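Listed below, chain by chain, are the residues.
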Amino acid sequence: MKKQKKLIMLSNLLLDSLKKLNRSRLKQIQTLMEDFNDKCLEASKDKHLFDTAVEKSWLIGAESIRSRIERNLNDFSHHLQRFKELINTDETVMPNFIDIHAELVQTEQEFGELQFDLKEKTISVTTGDIVLNDISFGPFGIKLSICQLEKLYTDIPYRIIALEPNPAGGNDSVTHPHVSDERLCEGDGHVAIRNAIEQGRFCDFFTLIKSILQTYNPDSPYVSLDDWQGRSCYDCGYTISDDESYYCERCDREYCGQCSTYCRVCDTTVCLGCSSECYGCKEPICKDCMHVCKECEEAFCENCINEKGLCENCEAERNKNEDECSEKTDAQV
Amino acid sequence: MRILYVNNDGSGFADYVSITEGTTVEQFFTIKMEGREPSDYLIRVNRQPVPKDYVLQDGDRVTITPTKIEGASPVLA
């Protein structure tokens, strides 16, 4: 009885939200129609200007108008396409209470119990374990926000929540090759999902999402399955396996081979940010092994600086100056 | 006779279609989804799973949903 009451309440909420969504769709059509109308008016104005320019042989002016028409035509076809997408609807009527109720009953048959959060006004289902190419991602919750339904054309009204997350090594927010920050990139399912929501086919909606989750598209993942177990280089973000990873002992972070090196003096592995290049021999050195020349203040390794704290050039310069000084003193004597 | 056909493949659509009397759900699938494997789809009649030799009735609601759909990651402009 309690369950039945819950389904009735949910059906009413969803129906109400679908009415708002329909109104939002009609408003969007209205806006697009206004844009479309403006474009038509612009084209009509340009036609008159173009006719006048050609008749009066204002060739440069005519060419400039032609160029504007060309640009506007591109915009025009874009607007027309969007307009067509929104105005085309299937031969179905708005679902009624009985349809929505039947959808919810079917969803429970397909997915098990429907979870309803009255405070957040969300409904969720749980998928089984998702396994792609032998990598398990655990089950996912598909949480649909009833209040967000009317924003279908500007936002995604649902979240994909990893219930036993196995995120990509390099990026904790990627919990599935096609899910990042709880948002699914719908790919080929985009239009079918939008249609299912618009027509109140909620069971189809959840089924379509599940179908995307259980499919891997190697051409366009957030993180590919080949790189899933790896970690990401702190500097360039490249995914690296355990064997390719280098740990910088100075900043305590992991780097790829391209973004790390080792100190030629103490052999410690360091990242490029924690190392410097010796001004003398041009070899990388860590900050602990770096010495600054007292004269020129450049960084040198211990092999390129003497016990007086001078580099080879500054030492030579000092010797030269000292020699000149002693020569002058000798001459004066 | 007419049935409501909900096709969630590709862009997806829902529409009333005419079929001849005695058409089974298997025959309907073969006509509408030529070259596809039924095992790659979730097929429901009036929201319920049915055997492949189920004979479609006037007013039935047939839903065909692929079990594999390729997602993507957004293409940055």
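Criteria and cut-off values
Residues numbered from 1 in each chain as written. Chains lettered and ligands numbered in written order. Predicted model: local features only at pLDDT ≥ 70, side-chain atom pairs only at ≥ 80, totals over all residues. Heavy atoms only, no water. Salt bridge = Lys/Arg side-chain N within 4 Å of Asp/Glu carboxyl O. Helix = DSSP H or I, 4+ residues; strand = E, 2+ residues; numbered from the N terminus. Buried < 20%, exposed > 50% of the residue type's maximum accessible area, 1.4 Å probe, protein only. Contact = heavy atoms within 4.5 Å. Buried area = accessible area lost by both parts, 1.4 Å probe. Polar contact = N/O pair within 3.5 Å; in protein donor to acceptor, adjacent residues only side chain to side chain. Nonpolar A, V, L, I, M, F, W, Y, C, P; charged D, E, K, R; others polar. Domains from an automatic or database assignment. Core = buried A, V, L, I, M, F, W, Y, C linked by side-chain atoms within 4.5 Å. Pairing = 2+ DSSP bridges. Axes fitted to C-alpha atoms, helices over the stretch in contact; angles between N-to-C directions.

### Let's talk about the pattern of salt bridges
Right, on to step 1. Taken as a whole and judged by the stated rule, the model has 18 salt bridges over all chains.
Right, on to step 2. Measuring nitrogen to oxygen at the nearest pair gives 2.5 Å for the salt bridge that ties Glu 110 of chain A to Arg 44 of chain B. Of the two residues, Glu 110 of chain A is situated in helix α3 (residues 97–111) and Arg 44 of chain B in strand β3 (residues 41–45); the pairing between them involves two chains.
Right, on to step 3. Relative accessible area serves as the criterion here: at 13%, Arg 44 of chain B is assigned to the buried category.
Right, on to step 4. Three or more residues joined by partner-sharing salt bridges are found here, namely Glu 63, Arg 66 and Glu 70 of chain A.

### Considering the side chain of Asn 7 of chain B
Right, on to step 1. Along the polypeptide, Asn 7 of chain B turns up in strand β1 (residues 2–7).
Right, on to step 2. Dropping the residues within four chain positions of it, Asn 7 of chain B is found in contact with Gly 12, Phe 13, Met 33 and Ile 64 of chain B.

### What about the interface of chain A and chain B?
Right, on to step 1. On the side of chain B, 27 residues touch chain A, which itself brings 32 residues to the contact.
Right, on to step 2. Summed over both partners, the interface of chain A with chain B buries about 2,500 Å², with 47% contributed by carbon and sulfur atoms.
Right, on to step 3. The tally of links from chain A across to chain B stands at three salt bridges.
Right, on to step 4. Across the pair Arg 61 of chain B and Glu 103 of chain A runs a salt bridge whose closest N-O atoms are separated by 3.1 Å.
Right, on to step 5. Across the chain A-chain B interface, the total number found is 14 residue pairs in polar contact (both at pLDDT 80 or more).
Right, on to step 6. Put simply, the parts of the chain that give the side of chain A that touches chain B at least two residues each are α3, α4 (190–198) and α5 (202–213) of chain A.
Right, on to step 7. Element by element, the count of residues in the side of chain A that touches chain B is highest for α3 of chain A, at six residues.
Right, on to step 8. Residues that form the side of chain A that touches chain B fall into these classes: nine nonpolar, 14 polar and nine charged.

### Quick notes on the domain arrangement of chain A
Right, on to step 1. Assigned domains within chain A: domain 1 (2–87), domain 2 (97–225) and domain 3 (239–327).
Right, on to step 2. On a C-alpha basis, the centres of domain 1 of chain A and domain 3 of chain A stand 63 Å from each other.

### Digging into the nonpolar core
Across soluble globular proteins, nonpolar side chains have a tendency to be buried as a group.
All names here are of chain A.
Right, on to step 1. By size, the foremost hydrophobic cluster in this structure holds 52 residues, and its most contacted members are Ile 123, Ile 160, Phe 205 and Ile 209.
Right, on to step 2. Mapped by element, the contributors of at least two residues to this core are α1 (2–55), α2 (59–87), α3, β2 (122–126), β5 (140–145), β6 (158–162), α4 and α5.
Right, on to step 3. The element that contributes the greatest number of residues to this core is α1, accounting for nine residues.
Right, on to step 4. For this core, the domains that each give at least three residues are domain 1 (2–87) and domain 2 (97–225).
Right, on to step 5. Here Ile 123 is in contact with Leu 10, Leu 14, Leu 104, Gln 115, Phe 116, Ile 142, Lys 143, Leu 144, Ile 146 and Phe 206, once residues within four sequence places are set aside.
Right, on to step 6. By size, the runner-up hydrophobic cluster in this structure holds 22 residues, among which are Tyr 255, Val 270, Ile 305 and Leu 310.

### A word on the sheet that holds strand β1 (residues 115–117) of chain A
All names here are of chain A.
Right, on to step 1. Ordered in space as β1-β2-β5-β6, the four strands form an open sheet in which the pairing is antiparallel. Two strands close off the open sheet at either side, each with one partner strand: β1 and β6. Sheet twist, expressed as the average angle between the axes of neighbouring strands with direction ignored, equals 20 degrees.
Right, on to step 2. For β5 and β6, the ladder comprises five bridges, and the chain directions are antiparallel. In the sheet register, Ile 142 faces β6, and the bridge partner there is Ile 160.

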